[in-house]
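Notes for the structure review
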Amino acid sequence: LSLQRRSSDLSSGINAEYGAVQDNLKRCSTCKHLRYCSERCQRLDWKLHKLECAHLCKVPIEHQVPPLIRLCALLVSSSDLRSNFSIDSLMKHETLDNEKIAEYYPFVLKGVMDMLKGNTKFKAADTYDVYNKLVVNLFTLEDEQLRTVGSALIPELSKINHSCDPNCVLSFKGRTAYITAIKDIPKDTELTISYIPLPQSFLARKMQLRSQFNFTCYCIRCEMQRKKGVDEMLMRECPMCKEHSHPAINFEKEELMCPSCGKSLTNSNKVNDLILKNIESFDSTISTRAQQDVEIMNYLVEETEKLIVEKRWEAALRTGLKATVGLMDWAQNYPSTGLFIAKLGKLYLNEEGSSPKVYRDNINRAIQLFDMALKCLSLSLSSDHACFVEVEMMYRQSHDILRKFNWLK
């Protein structure tokens, strides 16, 4: 892990040319803590690493220093760095009243103190201030395959507010962060991004924003849901009156209720209970349920990713396909949707089938999914983005296979 100096960001992630995890990384010969994929990468990082290398030498090599602690130590030890990255202008929590954030601070403080032993300019108060601002302003750093590889502090982008119905998305390409419009934006309209993964239900969004960023969202989407009083992204069956409908929201208690009889639905109709049997039997109603209930859709996506890791290709394909319609309805504008659909196309591409007809049908299905994925990715990524290029290549390979066997119509 390393810190990287990019055009306008301070990042803590895998120190490779495009943020990708690589094998056979070489250690820094001095501190032994950092690894690099090439001498070029090491030279690019030296402007920042030289500020922490001596401090890391004080930490035993078997104790891996988390990126957040290294970022804090760097900023606390260098007033010039704090000035360059406009740390004083960043928003922060007035108090660390969030339990998770507050509980982690003593661990961060000890780590910073271990790194900065003997530094006469070190002040615990500076660590508190920097940590407070980092937990609010850090962005998730992704490589060009949309894999999380670290965190990035980008003061310019920290000025962009959150919305649960954003008009822009953040992505990374090489050493540059991009803000891309995903819908038409009228003149003088504020640019917004989502600080959390979307789509999610109203209460799920509210809880994550409060837990991670300590604020309550009042964007247009959230205000509309407050006025309606129901969560239209969920569908629940009441165990009392058996009505199947969008649940009402009790904003004071932060729980779901049956809109007809008022029974609490928070502890009933758990997603796992709703669809576990159906996943095993691949029940045809799951696709419909995934269109009606975002938690079911997200559960299907998570299950598909697990099945892919387990190399259960057929099960992954069948499960993932049931989430695609819901994804296209709720999350078409997000790169992660396009990448997920492309994975399903790749599974078809690798399924030769038991006969030429089955193989041909699989290739045609792969082409349909790649086409759908490219339409999603084109809304938020440039055509030269590595993720877009790879999906486009698989799309062309699929057509080449059809030509090879004279299957093109």
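Structure shown above.
Now for a description of the structure that goes with this document. (Residues numbered from 1 in each chain as written. Predicted model: local features only at pLDDT ≥ 70, side-chain atom pairs only at ≥ 80, totals over all residues. Heavy atoms only, no water.)

Another point: the overall build of the protein chain. Secondary structure assignment for the protein chain yields 15 helices and 14 strands. When burial is assessed residue by residue, the protein chain has 47% of its 409 residues classed as buried. Look at the contacts in the protein chain between residues 6 or more apart in sequence, and 59% of them connect residues 24 or more apart. Summed over its atoms, the accessible surface of the protein chain is roughly 21,300 Å², and 50% of this surface lies on carbon and sulfur atoms. (Helix = DSSP H or I, 4+ residues; strand = E, 2+ residues; numbered from the N terminus. Buried < 20%, exposed > 50% of the residue type's maximum accessible area, 1.4 Å probe, protein only. Contact = heavy atoms within 4.5 Å. Areas by Shrake-Rupley, 256 points an atom, 1.4 Å probe, with all protein chains shown as cover.)

The next thing to look at is the environment of Cys-376. Among the secondary structure elements, Cys-376 is positioned in helix 14 (residues 356-378). The buried category is assigned to Cys-376, whose relative accessible area is 0%. Considering only alpha carbons, one finds Cys-376 and Tyr-334, 42 residues apart in sequence, at a separation of 7.0 Å.

With that out of the way, let us pick up the nonpolar core. Counting residues in each nonpolar core, the largest one holds 62 residues, and the members touching the most others are Leu-327, Ile-363 and Val-391. Those elements that place two or more of their residues in this core are helix 7 (202-213), helix 10 (285-292), helix 11 (294-309), helix 12 (313-330), helix 13 (335-349), helix 14 and helix 15 (386-404). Here the element with the most residues in this core is helix 14; it accounts for ten residues. In contact with Ile-363, other than residues within four places in its own chain, are Leu-349, Ser-398, Ile-401 and Leu-402. Cys-28, Leu-56, Val-59 and Ala-73 belong to the second-largest nonpolar core, a separate cluster that totals 35 residues. (Core = buried A, V, L, I, M, F, W, Y, C linked by side-chain atoms within 4.5 Å.)

Let us look at the packing of aromatic side chains. Going through the model one piece at a time under the given rule, you end up with ten aromatic pairs. Between the aromatic rings of Tyr-104 and Phe-107, the centroid separation amounts to 5.2 Å while the plane-to-plane angle is 45°, which identifies the pairing as tilted. Here Tyr-104 pairs with Phe-107, and both are found in helix 4 (residues 99-115), just three residues apart, close to one helical turn. Note on Phe-107: relative accessible area 44%, which makes it partly exposed. Residues Phe-202 and Phe-251 carry aromatic rings whose centres are separated by 5.6 Å and whose planes lie at 90° to one another, so their mutual orientation is edge-to-face. You can see Phe-202 sitting in helix 7 and its partner Phe-251 sitting in the loop between strand 13 (248-250) and strand 14 (255-257), a full 49 residues away along the chain. On the basis of relative accessible area, Phe-202 is assigned to the buried category, the value being 1%. In this structure an aromatic cluster arises from ring pairing among Tyr-105, Tyr-128 and Tyr-131. (Phe/Tyr/Trp six-rings, centres within 6.5 Å; stacked < 30°, edge-to-face > 60°.)

Another aspect to go through is the side chain of His-385. As for its placement among the helices and strands, His-385 is situated in the loop between helix 14 and helix 15. Owing to a relative accessible area of 2%, His-385 belongs among the buried residues under this scheme. One polar contact links the side chain of His-385 to the main-chain amide nitrogen of Cys-387, over a distance of 3.1 Å. Not counting residues up to four positions away in its chain, the partners in contact with His-385 are Glu-144, Phe-172 and Lys-173. (Polar contact = N/O pair within 3.5 Å; in protein donor to acceptor, adjacent residues only side chain to side chain.)

This part covers helix 14. Counted at 1.5 Å a residue, the expected span for helix 14 with its 23 residues is 33 Å, and the 33 Å between its end C-alpha atoms agrees. Looking at helix 14, one finds that the buried residues are Tyr-359, Asn-362, Ile-363, Ala-366, Ile-367, Leu-369, Phe-370, Ala-373, Leu-374, Cys-376 and Leu-377. (Expected span 1.5 Å × (residues − 1).)

This part covers the pairing of strand 5 (residues 138-142). Pairing analysis gives five bridges linking strand 5 to strand 6 (residues 148-153), with the strands arranged antiparallel. The residue of strand 6 that forms the bridge with Phe-139 is Ala-152. (Pairing = 2+ DSSP bridges.)

This part is about the environment of Ala-316. Structurally, the position occupied by Ala-316 is in helix 12. On the accessibility criterion, Ala-316 (0% relative accessible area) is buried. Counting along the chain gives 13 residues from Ala-316 to Glu-303, while the straight-line C-alpha distance between them is 7.6 Å. Excluding its chain neighbours within four sequence positions, the residues that come into contact with Ala-316 are Thr-304, Leu-307, Ile-308, Leu-344 and Leu-347.

Attention shifts here to helix 2 (residues 67-77). The periodicity of an α-helix, 3.6 residues per turn, causes residues three or four positions apart to be oriented the same way. When you tally the buried positions in helix 2, you get nine out of eleven residues, the bulk of the element. Along helix 2, the residues that are buried comprise Leu-68, Ile-69, Arg-70, Leu-71, Cys-72, Ala-73, Leu-74, Leu-75 and Val-76.

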